[in-house]
Amino acid sequence: MRDATTGGPPETAVLDLPFAAGEAASGPLTWAQSVMWDAMQWFGKEANQFNIGQPLVLAEPVGQARLLASLRGLVEAHQTLRTRYVARSGQPRQEVHASGSYDVAVADGHDDPARVAGELAGRLAETAFDHEAEWPLRVGCVVDGERRVTAVALVGSHLAFDGWAFNTLVDLLRAGLSGDSEQRGQPEPAAAAAFEPPAGVEPSAGVGVPQALEQAAFEGSPAGQQQSRLGLRHWEQGLSTAPASMFDLPRAATGDQPIERHLLDSAAVAAAAATLAARTRTSFSTVLLCLTTLVLTAYNGHDTAVLKLITGNRLDRRSRDLIALNTLDALLAFTVPRDVDLLTAIRQTHRPAFDAYRRAQCDPRAVATVVEETGRRRGVSFDLSTYFNNGHRGNDWAVTGPEPGPDRLAELRAGSRYTRLDPLPRSDMKFMVAASNGGEGVCRLGLLVDTTYLPGALGETIVRGIETLLCDAVAEEVGVAEIPGRIGLAPAVRGADWVRTPAGWVRPADVAELVREAAGGVEVAVLAAGPEPGTGLTAYVADASAVPEELHRRVLALLPGRTGVAAPDGYVACAAAPPAGAGPDAWRGVPVVARGPGRPA
């Protein structure tokens, strides 16, 4: 029999899992779902890279009926598991079904249920979800010679689950299969009373269980909109002085798979970062975030770091028990400390990071408007493609014993395992550092880099360098200025034809090409006002009919997708170009027909 979910290799059987729960309902996507919906539309079939999969090996075998009953309890209690995500009149919506049926693929695994469950999870994760036609969870199980279930394979769509929600689902299923009740997926009556929908929101079906439709209703309520306004103000303030991109760098030639992915499974990272968090009275997340910004800006030559922080903010019981995607992008834009030691830098990172996480909950459509409008005011198109994702749970690596010394850290580092995953053809990220719990005291440190901007072996240098810096800082004082030398990081080299502006690093020759394209191919020169950092740029255009305001609008329209460029601060329409061979400064002396600013007054 074919695998009814993926069309992959044959399975022994497919079990039918019918469910029936309350009434059907529908509503808009939550803010978090909207962000992921857009990403998945962009990736198309390649969105399978977002699938979240996990094999669950059972401590004791259970009957198939027990598995189906536990799964049914979860599906009927949590709307996410019976939701289809659809586009209606051009707008995405979530539609919760009152009844339906799951297919549960069954595989034989008499001798090695863990291996078979892992392979089954891999097959279930091979294709992107068709959210209009299938449930956002794929399920398989492994059976022994007596047809008892020995392991379960679960694969979820990232549109429905983040890591927290998926792990919570796995925990609920494990409890349902290991406890006395076949319905452990349902909340106990005493616990149900503790769940309350957000203020002003009517409870959905599945009383006592937090639901995604309730979250969406809260976000549209006056309280949710007020929360959003506070977040939008944070975004606008951060972008008002931030560089346009972290990747205003010379571009390197790459092949058709420019996105590299690196993994470092390291108990040393977990132990050292937890130790530094305790010393600085900050957090594991702050320590890794600080190292990420220091290493990246040491390479790209920026004073200000601009990152998106992938943020869950499950701060109360309702959000902690919500089986749904709950992650949004927070904005961190802050001046990177330089003339200090690493522990001081970690302390200085903590407050800006806290403020960023605190203001993450806001409408992503409104965020996009703020990003665009702020960019237009500043004459830039923001490239916010640098990410940090702290994916572990709060106290995964809390320090419980003596601090590890250099010998212990060296011993742990000897067991670190570096892996380079298969590259990707494209990504909406140029750089991402992610941390997750690898189990048994191991931090899985992941790094994605676009080799167009961070070429060669830089990815491995960075991920191993973070481990080195963490371990060094436990044993001795490490100055921020020492970072490149300690980890063998050679900063990016920009030629003398690059200048520093309020928008970041800019190559005037590329800006001139941009203005030339906007002006219809006439001769153009872009000159810096002076040699000092933060200088402005003026575009001289050999076209007496050019209207500076209209030219500026055309330039802004051409900016998206380009790094190392920004709109000039001003435009000068000239009667003609200077004589050939006169040099760039000769443009300052030609007859002027019109002048106009490249920024609002």
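Residues numbered from 1 in each chain as written. Predicted model: local features only at pLDDT ≥ 70, side-chain atom pairs only at ≥ 80, totals over all residues. Heavy atoms only, no water.

Right, let's get into the overall build of the protein chain. A tally of regular secondary structure across the protein chain gives 17 helices and 21 strands. For 601 residues, the compact-globule formula gives about 25 Å, and the C-alpha radius of gyration of the protein chain, at 27 Å, lands near that figure. Taking all 601 residues of the protein chain together, 54% fall into the buried category. Across the protein chain, contacts joining residues at least 24 apart in sequence account for 76% of those joining residues at least 6 apart. Roughly 25,100 Å² of accessible area belongs to the protein chain as shown, and the carbon and sulfur atoms make up 51% of that amount. Here the protein chain carries 55 positive and 70 negative side-chain charges, and the mean point of each set is 3 Å from the other. (Helix = DSSP H or I, 4+ residues; strand = E, 2+ residues; numbered from the N terminus. Rg over C-alpha atoms; globule rule 2.2 N^0.38 Å. Buried < 20%, exposed > 50% of the residue type's maximum accessible area, 1.4 Å probe, protein only. Contact = heavy atoms within 4.5 Å. Areas by Shrake-Rupley, 256 points an atom, 1.4 Å probe, with all protein chains shown as cover. Lys, Arg positive; Asp, Glu negative; His and termini not counted. Charge placed at Lys NZ, Arg CZ, Asp CG, Glu CD.)

Let's shift gears to the packing of aromatic side chains. Within the structure shown, the criterion is met by 7 aromatic pairs. When the ring of Trp42 is compared with that of Phe43, the centres are 4.7 Å apart and the planes differ by 85 degrees; the resulting orientation is edge-to-face. Taking relative accessible area as the criterion, Phe43 reaches 3% and is therefore assigned buried. For the pair Phe247 and Tyr453, a centre-to-centre distance of 5.8 Å together with 55 degrees between the ring planes defines the contact as tilted. Taken as a pair, Phe247 in the loop between helix H7 (222-239) and strand S9 (259-266) and Tyr453 in the loop between strand S15 (442-450) and helix H14 (458-475) lie far apart in primary sequence, 206 residues in all. You'll find Phe247 and Tyr453 in the same group, each marked buried. Each member of the aromatic cluster is reached from another via a ring pair, and the members are Phe19, Tyr102 and Trp135. The cationic tip of Arg84 hangs over the ring face of Trp135; the distance from NZ or CZ to the ring centre is 3.8 Å. (Phe/Tyr/Trp six-rings, centres within 6.5 Å; stacked < 30°, edge-to-face > 60°. Lys NZ or Arg CZ within 6 Å of the ring centre and 35° of its normal.)

Packed helix pairs are characterised by how far apart their axes lie and by the angle those axes make with each other. Following both chains from N to C, one finds helix H16 (residues 508-518) and helix H17 (residues 548-558) inclined at 115 degrees, their axes separated by 9 Å at the closest point. In this structure, H16 crosses over H17, and the sense of that crossing is right-handed. In this structure, H16 contributes Leu514, Val515, Glu517 and Ala518 to the contact, and H17 contributes Leu551, Arg554, Val555 and Leu558. Of the residues assigned to the contact of H16 with H17, the class counts are 6 nonpolar, no polar and 2 charged. (Axes fitted to C-alpha atoms, helices over the stretch in contact; angles between N-to-C directions. Left-handed = near helix turned anticlockwise from the far one by under 90°. Nonpolar A, V, L, I, M, F, W, Y, C, P; charged D, E, K, R; others polar.)

Sheet strands associate in pairs through backbone hydrogen bonding, adopting either a parallel or an antiparallel arrangement. Strand order in the open sheet made by the 7 strands is S11-S10-S12-S14-S15-S9-S13, with mixed pairing throughout. On the outer flanks of this sheet lie strand S11 (328-335) and strand S13 (417-424), each paired with one strand and no other. Strand-to-strand, the axes of this sheet are offset by a mean angle of 25 degrees, without reference to chain direction. Relative to S15, S9 is paired through 8 bridges, and the arrangement is antiparallel. Residue Arg261 lies in a different strand from S15, and its bridge partner there is Leu448. Helix-sheet contacts for helix H11 (residues 342-358) involve strand S10 (304-311), S11 and strand S12 (386-390), and the interaxial angle to S11 is about 150 degrees. (Pairing = 2+ DSSP bridges.)

A separate point is helix H9 (residues 284-300). Taking 1.5 Å of rise per residue, 17 residues should cover 24 Å, and H9 covers 25 Å from first to last C-alpha, within 8% of that figure. With respect to burial, H9 is a largely interior element, 17 of its 17 residues being buried. Just downstream of H9, Gly301 is the residue with a positive phi angle, here 75 degrees. (Expected span 1.5 Å × (residues − 1).)

Moving on, we come to the environment of His110. In this fold, His110 is placed in the loop between strand S6 (99-108) and helix H3 (113-124). As for His110 and Thr327, which are separated by 217 residues in sequence, their C-alpha atoms are 39 Å apart. Setting aside residues no more than four positions away along its own chain, His110 makes contact with Val143, Asp144, Gly145 and Arg147.

What follows covers the pattern of salt bridges. Inspection of every chain in the model, using the stated rule, returns 37 salt bridges. Residue Asp38 is joined to Arg365 by a salt bridge in which the shortest nitrogen-to-oxygen separation is 2.6 Å. Residue Asp38 is found in helix H1 (residues 31-43), and its partner Arg365 is found in helix H12 (residues 364-378); the two are separated by 327 residues along the sequence. Relative accessible area serves as the criterion here: at 39%, Arg365 is assigned to the partly exposed category. With a closest N to O distance of 3.2 Å, Glu517 and Arg562 form a salt bridge. Of this pair, Glu517 sits in helix H16 while Arg562 sits in the loop between H17 and strand S20 (570-574), and the two are 45 residues apart along the sequence. (Salt bridge = Lys/Arg side-chain N within 4 Å of Asp/Glu carboxyl O.)

Scored by pLDDT, the protein chain comes out at a mean of 91, with 91% of its residues at no less than 70. The element-level mean pLDDT for the protein chain is lowest in helix H5 (residues 189-192), coming to 32, with strand S8 (residues 149-156) highest at 98. In the predicted structure, residues 180-195 sits below a pLDDT of 50 and forms 28 contacts with residues beyond four places in sequence or in another chain. (pLDDT = per-residue confidence, 0-100.)

We now examine the packing of helix H8 (residues 267-280) against H11. Interhelical geometry of H8 versus H11 gives an angle of 75 degrees and a closest axis separation of 10 Å. In terms of orientation, H8 and H11 fall into the roughly perpendicular class. Contacts between H8 and H11 involve Leu276, Arg279 and Thr280 on the former and, on the latter, Leu343, Ile346 and Arg347. (Parallel < 35°, antiparallel > 145°, perpendicular 65-115°, else oblique.)

Let us now look at the side chain of Asp363. With respect to the helices and strands, the residue Asp363 is situated in the loop between H11 and H12. It turns out Asp363 is buried and unbridged, and the closest side chain with the opposite charge, Arg365, is 5.6 Å from it. Reaching out from Asp363, the side chain makes a polar contact with the backbone nitrogen of Arg365 at a distance of 3.0 Å. Sequence-distant contacts of Asp363, defined by excluding residues within four places in its chain, comprise Trp31, Ser228 and Leu232. (Polar contact = N/O pair within 3.5 Å; in protein donor to acceptor, adjacent residues only side chain to side chain.)

With that out of the way, let us pick up the sheet that holds strand S1 (residues 13-20). Taken in spatial order, the 5 strands line up as S1-S6-S7-S8-S3 in an open sheet, and their pairing is mixed. The outermost strands of the open sheet, each flanked by one partner alone, are S1 and strand S3 (52-62). Each adjacent strand pair in this sheet contributes to an overall mean axis angle of 25 degrees, direction not counted. Pairing geometry for strand S7 (residues 137-143) and S8, over 7 bridges, is antiparallel. Residue pairing in the sheet places Arg138 in a bridge with Val155 of S8. Its contacts with the sheet place helix H2 (residues 64-77) against S1, S3, S6, S7 and S8, and it is angled at close to 40 degrees to S1. Against the sheet, helix H4 (residues 163-178) touches S3, S7 and S8, its axis set at about 15 degrees to S3.

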